[in-house]
Amino acid sequence: MTPVERDIETIREGLRLLLTNKFEDADRHWNEALVRTKTRKFNPGEYDPSGPFAFVGALTALLYGLATLQNDQLTTALEKLQKADELANASKDWAGKTVIKGLCMLLMGIVQSLQGSKTRGIWLVLRSWLWLRLLEAEALNYEGPERSLVRSSALLSLGIFNLILSLLPPILTRTASWCSGLQGSRETAMEFLRLCWQEDGLLAPFAVICLVGYQVDVRTWLGEPHAEEPFQEANRALEWAEQRFPGGIFFEGLRANYCAVNQDLVQALEYSNRLSPMAQEMPALGLVMHAKAASYAQASLDWPEAARAFRQALEVYRKVGRRSLVPAMAANAALCHELAGEGTERDEMMDLVLEYKAREDKKTWGMPDKNAFAMAAKCKDGTWEPRMELFTLMVLRHRSTMFMSPAKIETMLGMLRTMADDGDGADRKAKSILLQAEILRQSSRFEEAIAASNLGLELQGKISKDMAKLGCMQYLQYIIAASQFHLGKLSEAQHALKKLDAAPRNHQLYYSILFKTTQLSRRLGVETKDTYLEVTVPSRDQIRFEAKLPEGTAEVEWDFTLDDFSISFTAYFEPEGAQGKGSKTMLQSLDQYQATVGPASGRFEPPGPGTLVLTFDNKFSMMRSKKLLVRVLPEHLILTSSNT
């Protein structure tokens, strides 16, 4: 066996260990492989495999850390990816180096997005194109002894990149495309991933994970109707993987999702429960298993079982000391207990929600937990509507209704119609109609979905500000656009999308709608509004922008991306009224921020109405003007330039 053949076999064995759930063995395998390369003497024409070894080792650490719910798993994975990037950078130029450099940047972007740095994470993902764009010429037709690694890695990299790019709305890719001229499409992504799988190269299993994940989960989340061809392809890919990696948790989980979307909940639960033996060592598997069980029980309208599963899921999080999402899961359990008529258990869960709200050791709760706190308060003062709250979560968040049998769908539609007819409140009727319309769209009953949506839109102007803030009317417009598209009525779909684009964007369902309509807009050729402002700051000058923050603004975010060189930046908040004169709160200050660092971002929870002031200072530059893109969120806030 030649040295190159031994390197390839090392990678093959490490991936086998990883994909058959032997995470610790895989981690040890990669560490030992890296140690061996340090003392190895390379013959002329051989390439140092340290970069590839370190990259797959970092991927192993990331997956194992996520599975075990380790506190610093993302930070550890990021450090390992940076090390892999350094090792690849130190090697001589060849196609394999290009692949690893692109993969490292791509995965570092994904990790940073998972850490909450979404703007920088997306920027890194898209900046990986600077390396990946070279692969079609350098790697796909590579003929050296490392071909089985280089070509497979290139196909996977290009497939993942094109898939991510095709899913991201233009407002999230504007800065990176402005900087690096990237391009990509979903069709191209699918072709690369299929080739990677069908050629049975080293990284074919990961192509299967991406391919099946898209065809089964992402397509349905994006609102595309059930189609036989994509599901048949997903089934063939899963059968391929199950033969080679029996019992692998990644493929067991994908098979459970496949069964659920095909409304075979008995089989879905069976596959999900196969994760149970490993849940003690890897708590995230227990969390996934119980969360899936809760979703499947909801799809069966089995409220006691759904409540039990939610309670088991939150206990997994509590056992490892996690706090985020515990209130949300407890609120879900309370809703299911309420519908099951289990008042004592409901109160236990709501008390737990309020207990977490009162904790002093965490202040930055996510939106699901904040919604749980609001729901608990309504429960305690008797103003909540548990059935409507639960059905909203099932239809718009959990997608449990996509797993329902036709009989259960009719049962739920009947309950929603009854709720719409009970009383004469416009809010109750509008939300009930929205949920009916979305279930009908999910069930490919497009004519009925359009009729229901038009009925709901008649309530515009009658609903409360809170209901308008949900985004009820905007979501109904999306349902009409999607349904018209799938009926082949393209001009009607375009008309609905344009109406939606002109509607207010400061609502809770904005991003959910945005990702779904991105696909429709691209296929229909409809342009959407751009939220970034392009700015040129002259040399020896500065530009100041202001955004008025009205009462009730919960959180403000800003970010900017610099084209080249550097710029100084400050952000401060000035409260409204005489009381606030001279009382500025500095929020962010960056001195000669370098473009190579990527996007800069910040966020702030204003204590009341006032003005957000952003200043870009280029006075230190004697010759060069600076170009940048800047935006503030929520999108209804308007940036205006002011002289300083």
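To describe a pair of aromatic rings, one takes the distance between the centres and the angle between the planes. Taken as a whole, this structure holds 21 aromatic pairs when the rule is applied. With 4.1 Å between their ring centres and 5° between their planes, Tyr47 and Trp94 make a pair best called stacked. Of this pair, Tyr47 sits in the loop between α2 (23-38) and α3 (50-68) while Trp94 sits in the loop between α4 (73-90) and α5 (95-114), and the two are 47 residues apart along the sequence. Residues Tyr510 and Tyr511 carry aromatic rings whose centres are separated by 5.0 Å and whose planes lie at 70° to one another, so their mutual orientation is edge-to-face. Stacked on the ring of Tyr258, the Lys or Arg Arg255 has its end atom at 5.2 Å from the ring centre.

Working definition: the strands of a sheet are paired by backbone hydrogen bonds and lie parallel or antiparallel to each other. Read across the open sheet, the five strands follow the order β5-β4-β7-β2-β9; overall the sheet is antiparallel. Strands with a single pairing partner mark the edges of an open sheet, and in this sheet they are β5 (585-594) and β9 (640-642). Taken pair by pair, the neighbouring strands of this sheet meet at an average axis angle of 20°, ignoring direction.

This part is about the packing of helix α13 (residues 228-244) against helix α14 (residues 249-261). When two helices pack together, their arrangement is captured by the angle between the axes and the distance separating the axes. Running from N to C, α13 and α14 cross one another at 150°; their axes reach a closest spacing of 10 Å. In this view, α13 runs roughly antiparallel relative to α14, as classed from their interaxial angle. Here α13 runs over α14; the crossing is left-handed. Seen from α13, the contacting residues are Phe231, Ala234, Asn235, Leu238, Glu239, Ala241 and Glu242; seen from α14, they are Phe251, Leu254, Arg255, Tyr258 and Val261. Partitioning the contact of α13 with α14 into residue classes produces eight nonpolar, one polar and three charged.

Moving on: the sheet that holds strand β1 (residues 533-537). Read from one edge of the open sheet, four strands run β1-β8-β3-β6, paired in antiparallel fashion. This sheet does not close on itself; its edge strands, each paired only once, are β1 and β6 (600-604). Along the sheet, successive strands turn relative to each other by an average axial angle of 20°, direction set aside. Bridging between strand β3 (residues 556-562) and strand β8 (residues 626-633) involves six bridges; their strand directions are antiparallel.

In the contact formed by helix α9 (residues 147-167) and helix α11 (residues 186-198), the axes pass within 8 Å of each other and the chain directions differ by 155°. In terms of orientation, α9 lies roughly antiparallel with respect to α11. The hand of the α9/α11 crossing is left-handed. Taking contact as the criterion, the partners of Arg151, Ser152, Leu155, Leu156, Leu158, Gly159, Ile160, Asn162, Leu163 and Ser166 in α9 are, on α11, Arg186, Thr188, Ala189, Met190, Phe192, Leu193, Leu195 and Cys196.

Here is what the cut-offs are and how they apply
Residues numbered from 1 in each chain as written. Predicted model: local features only at pLDDT ≥ 70, side-chain atom pairs only at ≥ 80, totals over all residues. Heavy atoms only, no water. Phe/Tyr/Trp six-rings, centres within 6.5 Å; stacked < 30°, edge-to-face > 60°. Helix = DSSP H or I, 4+ residues; strand = E, 2+ residues; numbered from the N terminus. Lys NZ or Arg CZ within 6 Å of the ring centre and 35° of its normal. Pairing = 2+ DSSP bridges. Axes fitted to C-alpha atoms, helices over the stretch in contact; angles between N-to-C directions. Parallel < 35°, antiparallel > 145°, perpendicular 65-115°, else oblique. Left-handed = near helix turned anticlockwise from the far one by under 90°. Contact = heavy atoms within 4.5 Å. Nonpolar A, V, L, I, M, F, W, Y, C, P; charged D, E, K, R; others polar.

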